[in-house]
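Close look at the chain arrangement
Chain by chain, the residues run as shown.
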Amino acid sequence: MRSALARKSWTDLSRRPTRAVLTTLTLALAVASFGILAIPSLMNRAMQAEVAQARLYDVSIPVDAVNLSASQLSELARLPNVSAVTARTTFATRTLIGSRRVDTQVWGVPDFASQPVDSVVTSARPGAGDVLVDVRDQIAGISAAKAGDVLHVQAADGSMRSLEVAGSARAMAFNQNTMTGYLELYATQATVQRLRGLTGVNLVELRLRDPHSAAAHATVAEVRSFLAAQPNPTAFSNLPTIRSPGDWPLKTVFDARSKILDILIVLAVVSAVFLIANTIRTLVAEQSREVGVMRAVGASGRDVRNSYLRTAALLGILGSVVGAAIGIGLTALLVKMFARMVYGISPGFAVDWPVVAVGAVAGFACALLTAWPALHRALRVPVHAALAGEGLVSQFGEGHLDRVVMHAGSLPSPLRIGVRNIIRQRGRSTTTIVQIALAVATLLGLLSLALAVSEVTDQSWNVLDYDVTLSAQAGGPQYGPSVVNLVRAQPGVAGVEAADWSQVSHQGETLYALGVHAATFVREPLTTGRWLTARDERTGADVAVIGSAAARRWDLRPGSRITVTTAVGPATFTVVGVGGSQANNGYNLYTTLVALQAVTHHPGTANSLLVRATSSGHHAVDVLAARLEGTLARLGHPSRSQVMYAGRASDQATARSTLVIVEGIGLLIVAIGMLGLVNAITMSIIERTREIGVLRCLGARARDLRRIFRTETLALALIGFLLAVPLGWLLAHALQW
């Protein structure tokens, strides 16, 4: 008897191949969802490999333009804790692509053959007057330029220079700007200096023996002292960037998305468990008559249970193997998609075997655990009831709800039968409803997240009530009152405000400091406190309005004191207000222009001009921005302009692109839910073949049968949707928290 039951475990699969395949695929999809757990670790592994290959900086220091000789660089390299140093020239400008002027950053490479810090990986080495385009330029849709093409790049004097494209390149340290619409180019140091119209360098990059915070800050202090003590002294033009060990560019963005992934992973796993439970329960339920036959011929309950557990185990093994393979491929695809989209790299194939093992074991264990209660109920059914084909539903009609459905004479018979089928299979109906609710809730949550991201982006840009920003070149001459008056007098200018921005830090976190007038073009909404006043401006008071995220993180409110680190030393401000926007992710610090000029040791000058145009039309704004750039360049103030409407569109596109992986995982959860519904209805039809035959014999038409199953499907979907609405609301708040 036991050998016959053992053979039955195998024949159950081959006898009904369609059901076996459907069940295996269902289990496989559930197991594959566990592979999502591997995305953060695989992404970090791929990025760490790229960090090593790119020789990514530990410290990046922007400086006022200065000539550093080979001997001075050697002395820098011999400072304590410095293992490698590179000094390069960078130039922010515009490139004419068709009729568009595209924001461009050109990075100088001192020696393509020897790159000790921030290596630029190239397909060819450019000659004098040549450039390399970053591979991300084409991926981001900024430019399709290739080797042999000519780019027209604006020089510091306003003239357009024709530069031939020698090939493509990628550089982990520099190409994230493409996410905000910048064209990234690489050239020899001499080429960049000719474009800029100046000799010398404006960026010093270091790799350290000990990159931890205390040692890194000590090294920065050594570099500051070294540069100040040279015959041609220079100072930091902005706050140095210190990369924490294990960090990589945009890791904070990926980590923020990972928090959303964590929520979606939980939903995917829960959906997968319900899907497995529903599948195995249906598998056992449809064979309740066979259970009765085996018991009638003398098989013990233990023998019957072991036979079906072996079947469940075989299905679990098949589903786990197939699902693990699908999960490995899906995870590798998502990791490669993100790495290519953001960095233009194609990481090698990698597998997180512990996660694969967890998914496979979970699939196998769930198949057995969910089969056990179904078998327990089946073995409790009297043999005569099981042989009669009633099986697990033999008790239908005993409950109050069952009787209500049976006597609902106002319902047409096909509808009544469809509702009866849902109630008769309560367990399967419940798990199906839960899967549908999770799927629809996930869809609603992701739609809400997409809308919230769009609204936050719009809100952040609505703070900036002007049309064009003009920024002085890093290390170049800044704007004095005469330049402000000159710009104000230009045709098409409705107003201009001098402003100063600088990166500062507090407790290791970067803040974006902006010095403005009391009557400013910046419309930051306030949640508490007040805005800057004319009295603050006249006295140069050390007061500030702090961004919303910074206020929450450090528990700041009006009256609080905050000490920040600037490029020239510490500065302390009294908080007088808290902003309400998410501009710069809520890490802003607004103070008066006079106060920030004093803090940065640039009295009377500013590094930005905020310009309002007389016409807000896109073409008129573009023409004005180009004309102002040219005018300032001819006066010896090379500048880079940013058009606000284009920046808004670029940020919205970037936000949408970073949600691609999240939406992909959300669609997987929706697929699991829909598969659960299809599986429930399919199994319902399979197990009720005898009932369908009886109904046909009693005169039921095909149309009536379709109404029965359509009623069952729509009822399950409707109940799932009603549950999904409040669940989706909760999920939306969790995703946006």
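Residues numbered from 1 in each chain as written. Predicted model: local features only at pLDDT ≥ 70, side-chain atom pairs only at ≥ 80, totals over all residues. Heavy atoms only, no water.

1. A word on the overall build of the protein
Heads up, the rule is: Helix and strand definitions follow DSSP, with helices as H or I runs of at least four residues and strands as E runs of at least two, each counted in order from the N terminus. Think of it in three bands: with a 1.4 Å probe and only protein chains considered, a residue is buried below 20% of the maximum accessible area for its type, exposed above 50%, and partly exposed in between. Note on areas: Shrake-Rupley with a 1.4 Å probe; residue coverage comes only from the protein chains shown.
Tallying secondary structure elements over the protein gives 24 helices and 21 strands in all. Scored against the burial criterion, the 737 residues of the protein give a buried share of 53%. Put simply, the protein shows about 31500 Å² of open surface, and 60% of that area lies on carbon and sulfur atoms.

2. Remarks on the side chain of Glu537
For clarity, the threshold we go by: For the purpose of charge, His is not counted, nor are the chain termini; Lys and Arg are scored as positive and Asp and Glu as negative. For this document, the term salt bridge refers to a Lys or Arg side-chain nitrogen within 4 Å of an Asp or Glu carboxyl oxygen. It only takes one pair of heavy atoms within 4.5 Å for two residues to be counted as in contact.
Locating Glu537 in the fold gives a position in helix α17 (residues 534–539). The buried charged residue Glu537 lacks any salt bridge, with Arg538 as its nearest oppositely charged partner at 7.8 Å. What Glu537 contacts, discounting residues up to four positions off in sequence, is His517, Ala518, Thr592 and Val594.

3. Some points on the sheet that holds strand β1 (residues 59–66)
Inclusion rule: Pairing between strands is defined by DSSP: at least two bridges between them are needed.
On the basis of which strands lie adjacent, the open sheet formed by four strands has the order β2-β10-β1-β11 and antiparallel pairing. Every interior strand has two partners, whereas the edge strands, β2 (82–88) and β11 (241–242), have only one. Note that β1 and strand β10 (residues 201–208) share five bridges and pair antiparallel. Along β10, the bridge assignment pairs Ser60 with Glu205.

4. A look at the nonpolar core
Which entries qualify depends on this criterion: Residue types Ala, Val, Leu, Ile, Met, Phe, Trp, Tyr and Cys, when buried and joined through side-chain atoms within 4.5 Å, form a set referred to as a nonpolar core.
Grouped together as the largest cluster of nonpolar side chains are 36 residues, with contacts concentrated most on Met43, Met47, Val120, Met172, Tyr186, Trp248 and Tyr343. Those elements that provide at least two residues to this core are α3 (39–54), β4 (100–109) and α10 (301–343). Excluding residues that lie within four positions of it along the chain, Met47 makes contacts with Met172, Trp248, Ala339, Tyr343 and Ile345.

5. Notes on the packing of aromatic side chains
Our working rule: In this scheme Phe, Tyr and Trp rings, the latter by its six-membered ring, pair at centre separations within 6.5 Å, and the angle between planes marks the pair as stacked below 30 degrees, edge-to-face above 60, and tilted otherwise. Distance and angle both matter: a charge sits over a ring if NZ of Lys or CZ of Arg is within 6 Å of the ring centre and within 35 degrees of the ring normal.
In the structure shown here, the tally under the stated rule is four aromatic pairs. Considering the side-chain rings of Trp107 and Phe174, the 4.1 Å spacing of their centres and the 20° angle between planes classify their relative orientation as stacked. In this pair, Trp107 sits in strand β4 while Phe174 sits in the loop between β8 (160–170) and β9 (183–188), placing the two residues 67 residues apart along the sequence. Take Trp107: its relative accessible area is 10%, and that puts it in the buried class. By relative accessible area, which is 3% here, Phe174 ends up buried. In this arrangement the basic side chain of Arg612 is found over the ring face of Phe521, its NZ or CZ atom lying 4.0 Å from the centre.

6. Focus: unusual backbone geometry
Negative phi values dominate among residues other than glycine, just as trans dominates among peptide bonds. Despite not being glycine, Asp555 has its phi angle at roughly 55°, a positive value. Among the residues examined, Asp555 registers a relative accessible area of 49% and is labelled partly exposed. In this model, Asn584 sits at a positive phi of 55°, which is unusual for a non-glycine residue. As for its position among the elements, Asn584 is in the loop between β18 (569–579) and β19 (588–592). Assessed through its relative accessible area of 42%, Asn584 is described here as partly exposed.

7. A look at the pattern of salt bridges
On inspection of all chains with the given rule, the structure shows 13 salt bridges. A salt bridge links Arg170 to Glu50; its shortest N-O distance comes to 3.1 Å. One end of the pair, Arg170, is in strand β8; the other, Glu50, is in helix α3, and 120 residues separate them in sequence. For the pair shown, Arg170 and Glu50 are each scored as buried. Linking Glu205 and Arg88 is a salt bridge whose minimum nitrogen-to-oxygen distance equals 2.7 Å.

8. Quick word on α3
Quick reminder of the rule: Multiply 1.5 Å by the residue count of a helix minus one, and that product is the helix's expected span.
For α3, with 16 residues, the first-to-last C-alpha span of 22 Å sits near the 22 Å given by 1.5 Å per residue. Here α3 has its buried residues at Ile39, Leu42, Met43, Ala46, Met47, Glu50, Val51 and Ala54. Arg55 sits one or two positions beyond α3 and adopts a positive phi of about 50°.

9. Remarks on the packing of α3 against α10
What describes two packed helices is the angle between their axes and the distance between those same axes. So the rule is basically this: To get an axis, fit a line to the C-alpha atoms, keeping to the stretch in contact for a helix; angles then go from 0 to 180 degrees between the N-to-C directions. Should an angle fall under 35 degrees it is taken as roughly parallel, and over 145 as roughly antiparallel, whereas 65 to 115 is taken as roughly perpendicular and any remaining angle as oblique. In this scheme, a crossing is called left-handed if the near helix is turned counterclockwise away from the far one by less than a right angle; it is called right-handed if the turn is clockwise. We call Asp, Glu, Lys and Arg charged. Ala, Val, Leu, Ile, Met, Phe, Trp, Tyr, Cys and Pro are nonpolar, and the rest, Gly among them, are polar.
The contact between α3 and α10 brings their axes to 10 Å, and the two run at 45°. Here α3 lies oblique to α10, going by the angle between them. The hand of the α3/α10 crossing is right-handed. Contact residues: α3 offers Ile39, Leu42, Met43 and Met47, while α10 offers Thr331, Leu334, Val335, Phe338, Ala339 and Tyr343. In terms of residue class, the contact of α3 with α10 is made up of nine nonpolar, one polar and no charged.

10. Focus: the pairing of β8
The pairing of strand β5 (residues 121–122) with β8 spans two bridges and is classified as antiparallel. In the sheet register, Val121 faces β8, and the bridge partner there is Arg170. As paired strands, strand β6 (residues 130–134) and β8 are joined by five bridges and run parallel to one another. Bridged to Val131 within β8 is Val165. Bridge count between strand β7 (residues 150–154) and β8: five bridges; the pairing is antiparallel. Within the sheet, the bridge partner assigned to Leu151 lies in β8 and is Leu163. What sits between β7 and β8 in their antiparallel hairpin is a turn of five residues, with Gly158 showing a positive phi close to 95°.

11. Quick word on a nonpolar patch on the surface
Using the following cut-off: A patch consists of residues whose relative accessible area exceeds 30% and which take part in no salt bridge; residues with like charges are grouped when within 9 Å of each other, and nonpolar side chains (Val, Leu, Ile, Met, Phe, Trp, Tyr) when within 5 Å.
A cluster of nonpolar side chains, Leu443, Leu444, Leu447, Leu718, Phe721, Leu722 and Val725, forms an exposed patch at the surface whose accessible area comes to about 620 Å². Every element with two or more residues in the nonpolar patch is listed here: α15 (426–462) and α24 (702–736). The element that contributes the greatest number of residues to the nonpolar patch is α24, accounting for four residues. Within the element layout of this structure, Phe721 appears in helix α24.

12. A short note on helix α20 (residues 618–634)
Here α20 is 17 residues long and its end C-alpha atoms lie 25 Å apart, about the 24 Å a rise of 1.5 Å per residue gives. Of all the positions in α20, only Val621, Leu624, Ala625, Ala626, Leu628, Glu629, Gly630, Thr631, Leu632 and Ala633 are classed as buried. Immediately downstream of α20, the backbone of Gly636 shows phi near 85°, a positive value.

13. Structural notes on the environment of Leu464
Secondary-structure assignment places Leu464 in the loop between α15 and β12 (468–472). For the pair Leu464 and Phe521, spaced 57 residues apart in sequence, the C-alpha separation works out to 6.6 Å. Excluding residues within four positions of it along the chain, Leu464 makes contact with Phe521 and Met644.

14. With respect to the pairing of β4
Counting buried residues along β4, eight of its 10 residues qualify, which places the element largely inside the surrounding structure. In this structure, strand β3 (residues 90–97) lies alongside β4, joined through eight bridges in antiparallel fashion. Bridging across to β4, Arg94 finds its partner in Asp103.

15. Looking at the confidence of the model for the protein
What counts, and what does not: Think of pLDDT as the predictor's per-residue confidence, scored from 0 to 100.
Per-residue pLDDT for the protein averages 82, and the proportion of residues at 70 or more is 82%. The secondary structure element of the protein with the lowest average pLDDT is helix α13 (residues 400–406), at 50, and the one with the highest is strand β16 (residues 543–546), at 96. Counted against residues more than four places away or in other chains, residues 390–399, with its pLDDT under 50, gives 24 contacts.

16. Some remarks on the environment of Ala144
By the element assignment, Ala144 lies in the loop between α5 (135–139) and β7. Note: C-alpha distance between Ala144 and Ile97 (47 residues apart in sequence) is 9.8 Å.

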